[in-house]
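Chains, contacts and geometry: an overview
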Amino acid sequence: PLRIKPDRIDFGTISSRSAIGVTLSLTANTNAVFHISGVDSTASCLRADWREMRTGTVAEVTLRTVPPLPIGRLEATLSVRTDVTSYPNIVIPVSGTVLSDLIAVPDVVAFAASGGVGTSTRLSAGKLAPPETKKIVIRSRAGQAFRILRIDPPFPNMEVSVAVATGVTSEAVSTLDA
């Protein structure tokens, strides 16, 4: 029989650019010798390798993330194939949550209600309401430099300008002409 520690791998919450590894240990409960014949993962963004130590009674398997990771919930398995009759294929659950490296604050921008997109709001005496402006800050969770290449406004009457285009934090200003 083999002892496996940990018996599951949870990467926790990580960035899509994270390149990290988790090592697990396989130890024979007796002094019986065992060998690993292969390791693999069901997720293409994970790579596994192994090394045997102490004359075949202890082995380490390391599972590493390979960026860019797909954003969302990471659910996979790590398979370890051995020559132990009672444990020919050990399956270890792997989990985690992958977040985008870039985040926008606020993540939702709301403009005051008007007569609808593309219509003007009239004030008393026939004057038009002034355009409404909102500022959005975009930053890298990992402190990595990035550059904004282009921003496409969702409405024809919206204008977006970029105040700072490179660095670990950038600012974009959205103006909606009501």
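Note that the structure is predicted; figures quoted are calculated from it, not measured.

Calculation notes
- Residue positions are given per chain, counting from 1 as you read along its sequence in written order.
- Local features in this predicted model are restricted to residues whose pLDDT is 70 or higher, and side-chain atom pairs enter the listing and the counts only when it is 80 or higher, whereas totals over whole chains, interfaces and linings include all residues.
- To get the side-chain values, take all heavy atoms of the structure and skip hydrogens and water.
- The criterion is simple. A nonpolar core is a set of buried Ala, Val, Leu, Ile, Met, Phe, Trp, Tyr and Cys residues joined through side-chain atoms within 4.5 Å.
- When accessible area is computed with a 1.4 Å probe and restricted to protein chains, residues below 20% of their type maximum are described as buried, those above 50% as exposed, and intermediate ones as partly exposed.
- For the purposes of this entry, the term helix denotes a DSSP run of H or I that reaches at least four residues, the term strand denotes a run of E that reaches at least two, and both are numbered from the N terminus.
- Contacts: residue pairs with any heavy atoms within 4.5 Å of one another.
- Two strands pair under a simple rule: DSSP has to find at least two bridges between them.
- Note on method: axes are straight lines fitted to C-alpha atoms, helices fitted across the in-contact stretch only, with angles between N-to-C directions ranging 0 to 180 degrees.

As a further point, take the nonpolar core. Side chains of a nonpolar character, in soluble globular proteins, are inclined to be buried together. In this structure, Leu26, Leu46, Leu78 and Val80 are the most contacted members of the largest nonpolar core, which totals 26 residues. Of all the secondary-structure elements, those providing two or more residues to this core are strand 2 (9–15), strand 3 (21–28), strand 4 (36–41), strand 6 (58–65), strand 7 (72–82) and strand 8 (89–99). The contact partners of Val80, leaving out residues within four places of it in the chain, are Leu26, Ile36, Gly38, Val39, Val61, Pro88, Asn89, Ile90 and Ile92.

This part is about the sheet that holds strand 7. Strand order in the open sheet made by the four strands is 2-8-7-4, with mixed pairing throughout. Either end of the sheet is taken by a strand with one partner, and the two such strands are strand 2 and strand 4. Averaged over all pairs of adjacent strands, the angle between strand axes in this sheet comes to 20°, irrespective of strand direction.

Turning next to the sheet that holds strand 6. Taken together, four strands build an open sheet; the order of strands is 1-3-6-5 and the sheet is antiparallel. A single partner strand is all that each edge strand has here, and the edge strands are strand 1 (2–5) and strand 5 (46–53). Ignoring which end each strand starts from, the neighbouring axes of this sheet average 20° apart. When strand 1 meets strand 3, the two strands line up antiparallel, connected through four bridges. Looking at the pairing, Lys5 lines up with Ser25 of strand 3.

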